Amino acid sequence: MRKTAISILVHPATLILSTLLVMAMAAVVGGGIVPAFLESLKPGIAAEDLELTDDIAVILVTFGVFLEERELLAKRIFGEEMPAQEHLMNEHAEFYGAVLLLVGLVMEIVDQAFEPLLLDNGLATAGLGLMVLFHATTILVGLGYVLTFFRRA
């Protein structure tokens, strides 16, 4: 039973679906930030009306750690003698997991750093712009990871 559950977690189809789900969340949340960013560019908008709160950073960090640890889970299924294809999948998962982890951590740092500075419209606009950039990066990283599954064919 345990091996079956782990097999499902590390299966390429599950990884693709999970990545697409994280990309969709980044798109939806990032799409919600875009109007605030555009609004902040208008004169007469009070910075107090803007906020950077971005809970997707926690999801990115969590999913990044999961991807980085795919090899640990795969060893439970295949043992030490994993097929070459699994080693390649582990390498890709580790790389993309590390990138998502870094994007999520930097996103959270920016969120925490800019939150007290929102009294200044210029800084609020810069913070919102960075958040939009992080969401776009998440989507591009996810797309790159999904494409690695089709390059092997």
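Structure: above.
Residues numbered from 1 in each chain as written. Predicted model: local features only at pLDDT ≥ 70, side-chain atom pairs only at ≥ 80, totals over all residues. Heavy atoms only, no water.

**Student:** Could you clarify how one ought to interpret the overall build of the chain in this entry?
**Tutor:** Within the chain, the regular secondary structure consists of six helices and zero strands. Ordering the α and β elements of the chain from the N terminus gives α-α-α-α-α-α. Taking all 153 residues of the chain together, 37% fall into the buried category. In the chain, once contacts between residues fewer than 6 apart in sequence are set aside, the share between residues at least 24 apart is 84%. Just so you have it, the chain exposes about 8500 Å², and 69% of that area is on carbon and sulfur atoms. (Helix = DSSP H or I, 4+ residues; strand = E, 2+ residues; numbered from the N terminus. Buried < 20%, exposed > 50% of the residue type's maximum accessible area, 1.4 Å probe, protein only. Contact = heavy atoms within 4.5 Å. Areas by Shrake-Rupley, 256 points an atom, 1.4 Å probe, with all protein chains shown as cover.)

**Student:** Sorry, what's going on with the pattern of salt bridges here?
**Tutor:** Note that side chains of opposite charge can pair when their charged atoms are close. In this structure the tally under the stated criterion is one salt bridge. R70 is the salt-bridge partner of E86, the closest N and O atoms lying 2.7 Å from each other. Of this pair, E86 sits in helix α5 (residues 84–114) while R70 sits in helix α4 (residues 70–78), placing them 16 residues apart in sequence. Summarising the burial analysis for this pair, E86 and R70 share the class buried. (Salt bridge = Lys/Arg side-chain N within 4 Å of Asp/Glu carboxyl O.)

**Student:** Explain the nonpolar core here, please?
**Tutor:** Across soluble globular proteins, you tend to see nonpolar side chains buried next to one another. Ranked by internal contacts, the top residues of the largest apolar core, which has 24 residues, are L60, L67, M107 and Y145. Put simply, the parts of the chain that give this core at least two residues each are α2 (12–40), α3 (56–68), α5 and α6 (121–151). (Core = buried A, V, L, I, M, F, W, Y, C linked by side-chain atoms within 4.5 Å.)

Any link to function would need more than the numbers given here.
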